[in-house]
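Below are the chains, spelled out letter by letter.
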Amino acid sequence: MKTVFVVGAGPAGMFAAQKIGQGGHEVIILNRDIKPGGLAEYGIYPTKDKMKIGLRKQFAKVLSLPNVHYFGHVPVSSQSRVSISDLKELGPSAIVFAVGAQGTKKLGLPGEQVSGVYAAKDFVYSYNLLPPFTSRDFSTGKRVAIVGMGNVMVDIARWLLIDAPVKTAEEVVVVARRGPFEAKFDKKEFDYIEEFLDRKAFDEELRRIQPQLSAVGQDVSKLAEETFPVLATPAADHPAGKPRLRFRFLCSPQAIHADAGGRIDRLNVAENVLFERDGSIGCKATEQSADLDVDTMIFAIGDVADPALGLPYNRDSYVINPDQSDPKRAAYELFDPQGGKVLDGMYAVGWARKASDGLVGIARHDAEVGAVHVLKYLETARDSNTNVAQVQNFLERKGLQAVSKADLECLARAEEKQAQKNGVPWFKFAEDNAMLAAIEAEKAKAVTA
Ligand SMILES: Cc1cc2nc3c(=O)[nH]c(=O)nc-3n(C[C@H](O)[C@H](O)[C@H](O)COP(=O)(O)OP(=O)(O)OC[C@H]3O[C@@H](n4cnc5c(N)ncnc54)[C@H](O)[C@@H]3O)c2cc1C
């Protein structure tokens, strides 16, 4: 019998588990969070209910496979009670790492550690109610800088300007290294926040950077059709009292300054110039700099793999087999650069393999392709020395309160009842202990019923 461990239950982990399970093997999922879903549950924008509900249904279907088992609330890392060596000692036939990109990309700026400065992923986790981020300080002020120009920036601006229960922001300024033509967000996502764009300030910013854009052959008059359809309508004064969305192009953060209380009150940026190389637009910093008055700063510049997991790590990702004889297969195999060999039976899929790479559909596809390579490997792999009961015993010996598939059903029931009681469409417990207590309470009710 072949048993495969899948570490991580985001879209990549779940769809890899499905494919391997459908191949007739035992699959044991170990997931850091109590609930499955990863960023589909705790990253995708809270009001995208339809998408979230649809994905939850698909994940429930995966978990309904009798040979797919689930242990939630089990972080695997060199710093937690379960390490990769522990997993190997248990003796699965293969291990698939689908842990996403949990590391934070650091720019190494002076002042990066002051209060009021956050990584987008952590901020997003907190408003999507993922413990322990729910109990950390993510306070925002009146002037918020978001660094980056992708969909995550749009989500965060949308939260600050529209959906946050306490809206503090009077101004959200998007800080971008390059120009408006390099914006990476989808137009339909930007639609949500377009009404907050301070049109006159935006036009002024475009006038300021126009010589730079022209120098690399970019024509501002094309911007309306390319990225900012709002430019096709005449600029009006920004409505009084309405929070403003502004863009500050062609600048890179270089130092963060704090007030006497230790909170960010100024962001120093280097002014950039654009250049064109091989058909793409790059930027480089000049000697000139400027200060932005901000009291909150959120980095939305993508994430990296978490080095604490314990896999061989190179710059910001896990080391993948460099073998070019079969690059498609090799791209999923983990590699030990010190020993110069493939980590036998160990694979990475989804954002664990390629950090911050695309939407759920891409993570799914990546996981399914990876799973095909795993299935191929299993054809000749050794049988496993482990099974669900042994893994359960092992986790208990480690003192972990792992959450099973049956527990997840109890939790879903408890949250549904709480939503009904509160008269709201959905309810999520925001603390691990509250989730564990709700599971126990539901189990107790089932026994007495
Ligand atoms: C803010 C934001 C908004 C997004 N919005 C959309 C959207 O609207 N539509 C869309 O299609 N895509 C969206 N995406 C992209 C989508 O979320 C990703 O493509 C997808 O979730 C990546 O899947 P993954 O399984 O590789 O990683 P993740 O979803 O990150 O899942 C990782 C899983 O691994 C677990 N894990 C992590 N570390 C460990 C560990 N050490 N031990 C055990 N388990 C661990 C986590 O608990 C989690 O369950 C968004 C992404 C972000 C960041």
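Residues numbered from 1 in each chain as written. Predicted model: local features only at pLDDT ≥ 70, side-chain atom pairs only at ≥ 80, totals over all residues. Heavy atoms only, no water.

## Focus on the overall build of the protein chain
Counting its secondary structure elements, the protein chain contains 14 helices and 18 strands. Each principal axis of the C-alpha distribution contributes one length, and for the protein chain these read about 65 × 60 × 45 Å. Looking at the protein chain residue by residue over its 449 residues, the buried ones come to 52%. A separation threshold of at least 6 residues defines the contact pool for the protein chain, and within that pool the share at least 24 residues apart is 73%. For the protein chain, the accessible area works out to roughly 20,800 Å², and carbon and sulfur atoms hold 51% of it. (Helix = DSSP H or I, 4+ residues; strand = E, 2+ residues; numbered from the N terminus. Buried < 20%, exposed > 50% of the residue type's maximum accessible area, 1.4 Å probe, protein only. Contact = heavy atoms within 4.5 Å. Areas by Shrake-Rupley, 256 points an atom, 1.4 Å probe, with all protein chains shown as cover.)

## Considerations on the domain arrangement of the protein chain
For an interface, size is often stated in terms of accessible area lost upon the parts coming together. Each assigned domain of the protein chain is listed here: domain 1 (3–102 + 304–403), domain 2 (106–301) and domain 3 (405–449). Taking only C-alpha atoms, the centre of domain 1 and the centre of domain 3 are 27 Å apart. Domain 1 puts 19 residues into the contact, and the matching count from domain 3 is 12 residues. For the domain 1 face of the interface with domain 3, the top three residues by lost area are I34, K35 and V403, together amounting to 44%. Where domain 1 packs against domain 3, one counts two salt bridges. Between K35 and E415 there is a salt bridge; the shortest N-O distance is 2.8 Å. Summed over the shared surface of domain 1 and domain 3, the number is five residue pairs in polar contact (both at pLDDT 80 or more). Taken together, the elements giving at least two residues each to the side of domain 1 that touches domain 3 come down to α2 (39–42), α3 (49–63) and β3 (68–72). Considering every element that reaches the side of domain 1 that touches domain 3, the biggest residue donor is α3, with four residues. Its residues assigned to classes, the side of domain 1 that touches domain 3 comprises 11 nonpolar, three polar and five charged. (Domains from an automatic or database assignment. Buried area = accessible area lost by both parts, 1.4 Å probe. Salt bridge = Lys/Arg side-chain N within 4 Å of Asp/Glu carboxyl O. Polar contact = N/O pair within 3.5 Å; in protein donor to acceptor, adjacent residues only side chain to side chain. Nonpolar A, V, L, I, M, F, W, Y, C, P; charged D, E, K, R; others polar.)

## Things to note about the site of the ligand
Taken together, 34 residues form the shell around the ligand, and within it N31, D33, L39, V76 and W351 come nearest. Within the contact set of the ligand, an oxygen atom lies 2.8 Å away from a side-chain nitrogen or oxygen of N31. Separating an oxygen atom of the ligand from a backbone N or O atom of A98 is a distance of 3.4 Å. Look at the ligand: alone it shows 1,000 Å² of surface, and the protein chains cover 94% of it. Residue classes in the shell around the ligand are distributed as 21 nonpolar, nine polar and four charged. Here the shell around the ligand spans two domains, and each of domain 1 (3–102 + 304–403) and domain 2 (106–301) adds at least three residues to it. (Near = heavy atom within 4 Å.)

## As for the sheet that holds strand β10 (residues 251–258)
In space, the three strands of this open sheet follow the order β10-β11-β12, with antiparallel pairing throughout. The open sheet has two edge strands, β10 and β12 (280–292), and neither has a second partner. Strand-to-strand twist in this sheet, taken as the mean axis angle between neighbours without regard to direction, amounts to 20°. (Pairing = 2+ DSSP bridges. Axes fitted to C-alpha atoms, helices over the stretch in contact; angles between N-to-C directions.)

## Focus: the packing of aromatic side chains
Counting across every chain of the model gives 21 aromatic pairs. Pairing F190 with F247 gives two aromatic rings, centres 6.1 Å apart and planes at 55°, and the pair type is tilted. In this pair, F190 is assigned in helix α7 (residues 187–190) and F247 in strand β9 (residues 244–248), connecting sequence segments 57 residues apart. Site record: aromatic cluster; members linked through ring pairs are Y45, Y118, F123, Y127, F138 and W159. Its guanidinium or amino end placed over the ring of Y332, R353 lies 4.2 Å from that ring's centre, counting from NZ or CZ. (Phe/Tyr/Trp six-rings, centres within 6.5 Å; stacked < 30°, edge-to-face > 60°. Lys NZ or Arg CZ within 6 Å of the ring centre and 35° of its normal.)

## With respect to the pairing of strand β8 (residues 171–175)
In terms of residue burial, β8 counts as a mostly covered element, since five of its five residues are buried. Going residue by residue along β8, you find E171, V173 and V175 tucked away on one face and V172 and V174 tucked away on the opposite face as well. Sheet analysis places strand β7 (residues 143–147) next to β8, joined by five bridges and oriented parallel. Following the sheet pairing, I146 is matched in β8 by V174. In the classification by handedness, the crossover that spans β7, the intervening helix α6 (residues 151–163) and the parallel β8 is right-handed. Relative to β9, β8 runs parallel, the two being bridged by five bridges. Bridge pairing links V174 to F247 in β9. (Right-handed = clockwise from strand over helix to strand, strands pointing away.)

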